[in-house]
Amino acid sequence: MKRRLSEKEESLMQVVWERNHAFAKEVREALPDPKPHINTVATMMRRLVDKGFLKIEDFGSTHRYLPAMSKKEYTNLFVKPLLAGLFGNSIKNAVTFFAEEEEISAAELKEILKMIEKKRK
């Protein structure tokens, strides 16, 4: 079974998910400062290939990376079980926790409500 990605690995995956494919140089450019060395990015991306999170397209001396799973698949595989374990399968408990810790604003809660209402239509 695959293991959850580290924070740094998730930041690389974010870029690839957003672009649908990317070269290591493009991923590095999208990362916040201070940017890691290009060799570090390339090594991390090769490891994500080895772990089964990325696929690779060979262009001779360079490689383009594609997600091997969608962000939604990753979320379903890793985030949902984590939230279920921490909050007893209750989204309400999770939202309450973040509201009490002031990690979520009233505006963000309203946005969530709009998404729920839109989905129900």
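Cut-offs used in this document
Residues numbered from 1 in each chain as written. Predicted model: local features only at pLDDT ≥ 70, side-chain atom pairs only at ≥ 80, totals over all residues. Heavy atoms only, no water. Patch = residues over 30% accessible without salt bridge, like charges linked within 9 Å, V, L, I, M, F, W, Y side chains within 5 Å. Areas by Shrake-Rupley, 256 points an atom, 1.4 Å probe, with all protein chains shown as cover. Salt bridge = Lys/Arg side-chain N within 4 Å of Asp/Glu carboxyl O. Helix = DSSP H or I, 4+ residues; strand = E, 2+ residues; numbered from the N terminus. Buried < 20%, exposed > 50% of the residue type's maximum accessible area, 1.4 Å probe, protein only. Phe/Tyr/Trp six-rings, centres within 6.5 Å; stacked < 30°, edge-to-face > 60°. Axes fitted to C-alpha atoms, helices over the stretch in contact; angles between N-to-C directions. Parallel < 35°, antiparallel > 145°, perpendicular 65-115°, else oblique. Contact = heavy atoms within 4.5 Å. Nonpolar A, V, L, I, M, F, W, Y, C, P; charged D, E, K, R; others polar. Pairing = 2+ DSSP bridges.

This part is about a nonpolar patch on the surface. Side chains of Ile112, Leu113, Met115 and Ile116 sit close together on the surface and give an oily, nonpolar patch of about 350 Å² of accessible area. Turning to its location among the elements, Ile112 is positioned in helix H6 (residues 106-120). Exposure remark for Ile112: the relative accessible area of 32% places this residue in the partly exposed category.

Attention now goes to the packing of aromatic side chains. Evaluation of the coordinates by the stated rule reveals eight aromatic pairs. Ring centres of Phe87 and Phe97 lie 5.5 Å apart, and the angle between their planes is 50 degrees; this geometry places the pair in the tilted category. Of the two residues, Phe87 sits in helix H4 (residues 71-87) while Phe97 sits in helix H5 (residues 91-100), which places them 10 residues apart along the sequence. Geometrically, the ring pair formed by Phe97 and Phe98 is edge-to-face, given 5.1 Å between the ring centres and 75 degrees between the ring planes. Look at Phe97 and you get partly exposed, because its relative accessible area is 36%. The exposure class assigned to Phe98 is partly exposed, which follows from its relative accessible area of 33%. One aromatic cluster is present, built from ring pairs that chain together Trp17, Phe53, Tyr74 and Phe78.

Once that is clear, we can look at the packing of helix H1 (residues 7-19) against helix H3 (residues 38-50). At a minimum axis separation of 11 Å, H1 and H3 run at an interaxial angle of 85 degrees. Taken together, the axis directions place H1 and H3 in an arrangement best described as roughly perpendicular. Packed against H1, whose contacting residues are Lys8, Glu9, Leu12, Met13 and Val16, the element H3 presents Val41, Met44, Met45 and Leu48 at the interface. Of the residues that constitute the contact of H1 with H3, the class distribution is seven nonpolar, no polar and two charged.

Across the sheet, three strands lie side by side as S1-S3-S2; this open sheet has antiparallel pairing. Both edges of this open sheet fall to strand S1 (22-23) and strand S2 (54-59), since each of them pairs with a single strand only. Sheet topology note: the S2/strand S3 (residues 62-67) ladder contains six bridges and is antiparallel. Among the inter-strand pairings, Glu57 is bridged to a residue of S3, identified as Arg64. Packed on one face of the sheet, H1 meets S1, S2 and S3 and runs near 85 degrees to S3.

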